[in-house]
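One letter stands for each residue in the lines below.
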Amino acid sequence: MRLIRQLLPALVLLAAGCGDRADFLAQALKPLPLLTTADALVSVVPQTSRVVRVRKGEQPQAIPIAHGARRAARLQGDVVAVLAGDTRRPLLQLVSVDGAEVRTVDLPGAYDTLAFSADNRYGVLTYTPASLGPDVVARNLNEVAVVDVEARAVTRFALGTESLAPRSVVFAPPHADRQYVAITLDRGVAVFDAKDPRRALRRIPTRLSETQPEVAVQEALFSPAGDVLFLRLAGMDDVFAVELRREGDELLASVNFLAGGTGLSDISLPPEAAPGTERSVVAVYAGSQEAMVLDASGTQDVRRLPLGAPLTSAHVLADGRVLFYEGKLRTVTAWDVVTGKSGTVLLSAGFDGVRFSDALGAAVFRHPSVASGGAALSVVTVREEDTRLRVRISPIPVSRTVQADVMDETRGRFYFAPQGLPALARLDVETLGIEQLTLDAPVTALYYLPGQDVLAAQHSDPALGDVTLIPADRLERGAAERVRYFTLADALDRASEEP
Amino acid sequence: MSPRHLSVVRAAVLLAVVLSSPAEASARPPLSLRLGYASQVSTARAYDLVDENDHLPLFRVGVAYAFPLKRSRLEVEGGFLTGGSSASLHQVATAKLGLVGVEVGAAYRLRLGTYVEPYAQALVGYDRLRLELGPLGQRVGQVSATALLGVSLVFPLNSYSATAPSFLFDLGVGYGFRPDARFDALAPEPPGEDEEPVPSQSLRAGDLPLAGVAYRLQLGIRL
């Protein structure tokens, strides 16, 4: 019978001269941006409906998923969340890339973005205006969905704000009794408890008075305990501190305006080592050229540091110090919030990127060009002296502009690849020792997989998938492994699934 | 006689000539050489990877020796096949399938007059297949079997001598029993002596279905 079943259509095709080809084979491959787990690269390929796991020492493994994958995010462990399906049957798929298991949750809408709590328990799905088109002519972008991953339950509700669409989703640290979530908007912010999203929803306007218009939220941070939400708003100098608490089913919010300097440009949580700062925020003011630690209640004394330059960004290192910098300026300032000591140094040139080793309290700045010609790196380390912090620069010239880089934050190893060269190098920020390895193709992006202590160097063919995996502590060609065309893994089996 | 009657008479005469059977069938030359087109059509979806129209076009050369039977002959035949197919893959790569194979088999050929020989043929063979996805490739080998029903048109060079050489035109249709080829370790070509590339990990592509309808168009000569 099988023979007859194959024979008859084949005879018809033979007479006709040809048959239709599976459509998906003609589609251009457009994999989603690469994700990483602790020990693997993960490529989600919508055109082949596959999640491909690339791990050193193994063949790429393809895991079938639903069609229509359009967004993916890595969760804790080996789990990758994928928004898939279409407008008729939208899906959220949670893919365990180690176990090749897929859990599917039906969704009430074809959402565009996804974000998950730090413990993976809750996810929030939102729409963006970009999804509107021939298939969807209009949509209430205030509508969001909360996914309880353990219960596989989805709660759909409307934020009911005056804003067009959400801008970002920020989760508070997980708490036994609550899981606060803030959705920032172009007008205000909405906060809710993911454990009870419909009832515990609070819309918080972002204006100083009723006569003023609401402004967009630029940045949102939860305090470590998750009970205070700090907001940086467009064009406003005050930090909005929203204190949250539950009373019965209701979520209560009280807003404090934390005044500091002028030209608020960045906010960060203060170092954990600093006592009494659990409900505080570090604010950077480019206008008044200063940094402050502001308490949410506004009752504590303000710690203040003059920066001496209009610096715009702050990064808190694990040793409790804060580095302040700005891309086009050369000034880097370090501040120990606990002791109040500080120090400043001048970089040799402006920079286009910076990586931090929080564990070692160091930073590496990338300079595309320096005065002496060519590109360079600057390793910035901070040491404490009796009266001040000593900020030291160690310049490292490089042959070409750095195209890609990644930091092993724990061990303080900075890996980088010069533009257009088939090579990568390792810089030890503690000893400044450098090792390099020649590869077979130029590198366009670098990833670090701490679980295997492996570097993944992506080459210039992201559509087909082309990476070299190198043991991070053994930069040798013989120890490396190139994996090519991994987005086509399982291509024949995939083709046979087509109707 | 009307034109309609004339054409009927012509057809009847032609049929009589074709079916007129000199008794010396066994006296025909025993050796045959054939070459031509041997294609297979695989309608399985996975085959679309290497050909848009489901075809595996092959060039075939064969040699046969006939053992005479009463009003028929049994031919033992050996053949060599080579060919391949390719298709664009996701607009960024090309998937290619190559086949080189040999086969042996037997055909029972019935004599119907001077010019017509219906036949049934069975062949077994061994294929070397190569699948390429861009720079990656893999060779596999596997057995195959083909069963055909067809007809040969025989045109003697000297119509007065049964033992004279003849031209052949063969048309056969049947089924190629080729198992799915497993391509589970595609890798780049081994490097040259002066090259030392970074070692490569192989790629699993899956199973390529190859069974399907086979048909052959061949020209030949019988000596």
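Residues numbered from 1 in each chain as written. Chains lettered and ligands numbered in written order. Predicted model: local features only at pLDDT ≥ 70, side-chain atom pairs only at ≥ 80, totals over all residues. Heavy atoms only, no water.

S.K.: If you had to explain the pattern of salt bridges to someone new, which residues and values would you point to?
M.R.: As enumerated under the stated definition, the model contains 49 salt bridges over all chains in all. Note that Asp-98 of chain A and Arg-55 of chain A form a salt bridge whose closest N and O atoms lie 2.3 Å from each other. Here the residue Asp-98 of chain A occupies a position in the loop between β7 (90–96) and β8 (101–106), and Arg-55 of chain A occupies one in the loop between β3 (50–54) and β4 (61–64), the gap between them amounting to 43 residues. On the basis of relative accessible area, Arg-55 of chain A is assigned to the buried category, the value being 11%. Arg-204 of chain B is the partner of Asp-490 of chain A in a salt bridge, and the nearest nitrogen-oxygen pair spans 2.8 Å. Taken together, the positions of Asp-490 of chain A in the loop between β40 (481–484) and α2 (491–497) and Arg-204 of chain B in the loop between β10 (200–201) and β11 (206–208) put the pair across two chains. Here Asp-490 of chain A falls in the buried class, since its relative accessible area comes to 10%. It is possible to trace a salt-bridge network through shared partners that takes in Arg-34, Arg-60, Arg-73, Glu-75, Glu-77, Glu-103, Arg-109, Glu-117, Asp-170, Arg-216 and Arg-222 of chain B. (Salt bridge = Lys/Arg side-chain N within 4 Å of Asp/Glu carboxyl O. Helix = DSSP H or I, 4+ residues; strand = E, 2+ residues; numbered from the N terminus. Buried < 20%, exposed > 50% of the residue type's maximum accessible area, 1.4 Å probe, protein only.)

S.K.: Please set out the sheet that holds strand β20 (residues 250–258) of chain A residue by residue, giving values where relevant.
M.R.: Residue and element names in this part refer to chain A. Spatial ordering of the open sheet is given by β17-β18-β19-β20, a layout of four strands whose pairing is antiparallel. With partners counted over all chains shown, the strands left at the sheet margins are β17 (217–222) and β20, one partner each. Sheet twist, expressed as the mean angle between neighbouring strand axes with direction ignored, is 25°. Here strand β19 (residues 239–247) runs beside β20; their pairing, made up of nine bridges, is antiparallel. (Pairing = 2+ DSSP bridges. Axes fitted to C-alpha atoms, helices over the stretch in contact; angles between N-to-C directions.)

S.K.: Kindly report on the interface of chain A and chain B, identifying the contributing residues and their values.
M.R.: Every contact between the two is made by 48 residues of chain A and, on the other side, 45 residues of chain B. Summing the contributions of chain A and of chain B, the shared interface buries around 3,800 Å²; its carbon and sulfur component is 61%. Our count for the chain A to chain B interface comes out at one salt bridge. Counting across the interface, chain A meets chain B through 14 residue pairs in polar contact (both at pLDDT 80 or more). The leading source of residues in the side of chain A that touches chain B is helix α1 (residues 2–16) of chain A, at eight residues. (Contact = heavy atoms within 4.5 Å. Buried area = accessible area lost by both parts, 1.4 Å probe. Polar contact = N/O pair within 3.5 Å; in protein donor to acceptor, adjacent residues only side chain to side chain.)

S.K.: Pulling in residues and values, what's your account of the environment of Gln-27 of chain A?
M.R.: As for its position among the elements, Gln-27 of chain A is in the loop between α1 and β1 (35–36). By relative accessible area, Gln-27 of chain A is classed as partly exposed at 39%. Separated by 298 residues in the primary sequence, Gln-27 of chain A and Tyr-325 of chain A have C-alpha atoms spaced 45 Å apart. If sequence neighbours within four positions are ignored, Gln-27 of chain A has contacts with Gln-47 of chain A together with His-90 and Gln-91 of chain B.

S.K.: So what's going on with the confidence of the model for chain B? Which residues, and what values?
M.R.: Residues and elements named next belong to chain B. Residues of chain B with pLDDT of at least 70 account for 87%, and the chain-wide mean is 86. Confidence drops under pLDDT 50 across residues 13–25; counting only partners more than four residues distant or on other chains, this segment forms 18 contacts. Interface scoring of the predicted complex returns ipTM 0.80; its pTM is 0.85. (pLDDT = per-residue confidence, 0-100.)

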